[in-house]
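One-letter residues, chain by chain:
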Amino acid sequence: MALNLITTRSLERLFNKKPIPGLVSVEGWQRGCIDRINYYSKMLNESIKGNELLENKSVEELITECGMSPSKRNIANYASLLYNLEFSISSLKDTNNDSSTSNGDAPLLKEKPTKFSLLETPDLSLDFNNEPRFTAHTLLQNAIESSFSSMVQFRTLLLNSNMAISGDGFTWLVARIYKPKIQTMNNQMVDDIKYDKLFVFNTYNAGSPFIMNKSNLINNLEKEYKRLEKEKTQNNDSNSQSNVSKSASSYYNEILSSEEIKKIAFNDTTYAPLLAIDASPKFWLYDYGVFGKKEYLNRIWDSIDWSIVESRLPQKYELKYD
Amino acid sequence: MFKKSMLKSTIIRRSIHTVPKLPNINSLSKQGIPPILSSKGFNTVWNQYQAYLCDQLTMATAGTSLESYYPFHIILNTAKKPFQTNIFNLASATHNNHLFIENILPVDKGSNSQKVENRPSDIFLSRIEMSFGKKWDDLKDNIIADINTKLLGQGWFCLVENAQKQLQALYLQNNGTPYYFPRNQLIDMNSAINIDEFSYLQKIREMVSNNKNGKIQDWTLPIIMINVWDFAYLEDYGVAGRKKYLHNVLNNLNWNVINKRLYN
């Protein structure tokens, strides 16, 4: 369902995308973005080589179709990395309001942050340079404020979530698309894509916002594991009752045994990505240095193009009592 | 007098983590570690990244019961506490990075009359053959290939010696530690996992939850440590150059350091 919202962009368009002045330098863009796109697509092409069925599929299809299969892990991983990176840079804009000065290699940091930046007192001012309402994107502004209480809370949550990723990963702003059962009664309503709330979450390494139903996979693995253990104990000792792994797996049993919960939580719900932020040093190390992640995130915030984010926002779902 | 000084030294034990002093640090900063790291690359992975880790670790532990611990003890102490993962990550990275830089330090060539040899000891080579069933030179290619498939993001490669004195290759995701197997972090949980990996995780889970005394014994010790984080190779090799970097590291290890780490 979420796939309908994503326009599949061709990679050529991406290669033509200029570095973002005020965020990364030309060299930083080459190393943090172009080189990575080249590398990921090379690895992806290698892993689907010879498989005609997969070769004709879009990156999004590869993620959703291979994402749950351990044997196709490589394919899903590189497709996902490619998608995530592309998505994260697609909503960035030039931070210099004066576009006449941007000549490609825009003024960046004069100096990279040093170890003393770790000791700086946090800036407590609540005035941000970049908010959706400044560019008259009130729909988005209202959506964010109703889901996260305020813009301040949203910005804090978004940037701190990214700060907390210690390795590679992405922080996402997503809209939860929820299809109530009633709608399926009426054929006209089925195609309506509506969201009820916005969320922020992290994915790590090649994790994807399209693969949210991991618990199904874990559940199946658990069943398979129990079967194998049972066979083993029966072979070893036919008298022994199978009480294998009861304590360890009770957590999963409690949550996942109920089919009802699964249906509500997963079957009718998808998450449409609106915005992604790359946490990997591959993107920021060249321009910001070892101590520069915080500064990078501040500048990312200033570079968010809210008009693109808003254009991805589905219709709001509202309960009507008439 | 004696008693007084003893007391004093216990009370004011240092609680600040600082970058360990390496021999010839000035020439290392100027020349790097050829052919593995340029001077810029060395500055990033050691002078800056290690300083970053030490400062962050100091700030994360100051004023807590962990403040007088060494990174090694912080690792063991926080490995079992999911709510202290941030501290565990910093301590583990600090410790791992020190092991890494030590085993790639350039070997002092010695004077003409007394040449210092830099090669794996016979014990190491025979132990490798016993544990892996292949020669060290062949194993190196396997390691590089495995790092590429197993470590998609950041991580560490660690060749360890277990309690049975066998050598094992560990591919630690992010800031996993070789010292405590439930926190090896060998599996990338963000991709689909197969039944073998799940069984492995489940076995560990059972071990941890069935262990009433809370003490899991793990006597694994690291022999070779390789930094596979971006801070180590990105500057010099670029995103696509990780294989080249690993190749250079594995072929230019400091065997004087590594041979001593092995149980004789």
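Residues numbered from 1 in each chain as written. Chains lettered and ligands numbered in written order. Predicted model: local features only at pLDDT ≥ 70, side-chain atom pairs only at ≥ 80, totals over all residues. Heavy atoms only, no water.

## A closer look at the overall build of chain A
Here's step 1: If you tally the helices and strands in chain A, you get 14 helices and 4 strands.
Here's step 2: Buried positions account for 47% of the 322 residues belonging to chain A.
Here's step 3: When contacts within chain A are restricted to residue pairs at least 6 apart in sequence, long-range pairs at least 24 apart make up 78% of them. (Helix = DSSP H or I, 4+ residues; strand = E, 2+ residues; numbered from the N terminus. Buried < 20%, exposed > 50% of the residue type's maximum accessible area, 1.4 Å probe, protein only. Contact = heavy atoms within 4.5 Å.)

## Comments concerning the confidence of the model for chain A
Where the model shows low pLDDT, its predicted coordinates should not be examined in detail.
Residues and elements named next belong to chain A.
Here's step 1: Within chain A, residue pLDDT values average 78, and 74% of them lie at 70 or more.
Here's step 2: Looking over chain A, one finds the lowest element-wise mean pLDDT in helix 10 (residues 246-256), namely 47, and the highest in helix 7 (residues 151-163), namely 95.
Here's step 3: Every residue in residues 98-106 is under pLDDT 50, and counting partners more than four places away or in other chains gives 12 contacts.
Here's step 4: Contacts from residues 182-188, a stretch scored under 50 in pLDDT, to residues over four places away or in other chains number 5 contacts. (pLDDT = per-residue confidence, 0-100.)

## Description of the environment of A:Asp35
Here's step 1: As for its placement among the helices and strands, A:Asp35 is situated in helix 2 (residues 26-48).
Here's step 2: Residue class for A:Asp35 comes out partly exposed when judged on its relative accessible area of 26%.

## Some details on a nonpolar patch on the surface
Here's step 1: Together, A:Phe116, A:Leu119 and B:Met59 make up a nonpolar patch on the protein surface, roughly 340 Å² of accessible area in all.
Here's step 2: Of note, B:Met59 is situated in helix 3 (residues 39-61).
Here's step 3: Take B:Met59: its relative accessible area is 39%, and that puts it in the partly exposed class. (Patch = residues over 30% accessible without salt bridge, like charges linked within 9 Å, V, L, I, M, F, W, Y side chains within 5 Å. Areas by Shrake-Rupley, 256 points an atom, 1.4 Å probe, with all protein chains shown as cover. Salt bridge = Lys/Arg side-chain N within 4 Å of Asp/Glu carboxyl O.)

## Quick look at the packing of aromatic side chains
Here's step 1: Scanning the entire structure with this criterion turns up 29 aromatic pairs over all chains.
Here's step 2: Their ring planes at 85° and their centres at 6.2 Å tell us that A:Phe201 and A:Tyr271 sit as a pair that is edge-to-face. In this pair, A:Phe201 sits in strand 2 (residues 194-204) while A:Tyr271 sits in strand 3 (residues 269-278), placing the two residues 70 residues apart along the sequence.
Here's step 3: Here the basic side chain of A:Arg155 rests over the ring of A:Phe128, its NZ or CZ set 4.5 Å away from the ring centre.
Here's step 4: For the cation-ring pair, B:Lys165 lies above B:Tyr263, with the distance from its terminal atom to the ring centre recorded as 4.6 Å. (Phe/Tyr/Trp six-rings, centres within 6.5 Å; stacked < 30°, edge-to-face > 60°. Lys NZ or Arg CZ within 6 Å of the ring centre and 35° of its normal.)

## Here we look at the state of the cysteines
Residue and element names in this part refer to chain B.
Here's step 1: Taken as a whole and assessed by the stated rule, the structure comprises 0 disulfides over all chains.
Here's step 2: With no disulfide of its own, Cys 54 lies closest to Cys 158 among cysteine sulfurs, the gap being 19 Å.
Here's step 3: With relative accessibility at 1%, the residue Cys 54 sits in the buried group.
Here's step 4: The exposure class of Cys 158 is buried, given its relative accessible area of 0%. (Disulfide = S-S within 2.5 Å.)

## Considering the interface of chain B and chain A
One widely used convention gives an interface's size as the accessible area the parts lose upon coming together.
Here's step 1: Listed by partner, the interface residues are 41 residues for chain B and 43 residues for chain A.
Here's step 2: Two residues, A:Glu229 and B:Lys203, come together in a salt bridge whose shortest N-O distance is 3.4 Å.
Here's step 3: Looking at the side of chain B that touches chain A, the elements that each hand over two or more residues are helix 3, helix 8 (195-210) and helix 9 (230-237) of chain B.
Here's step 4: Take the side of chain B that touches chain A: its biggest share by element is 10 residues, from helix 8 of chain B.

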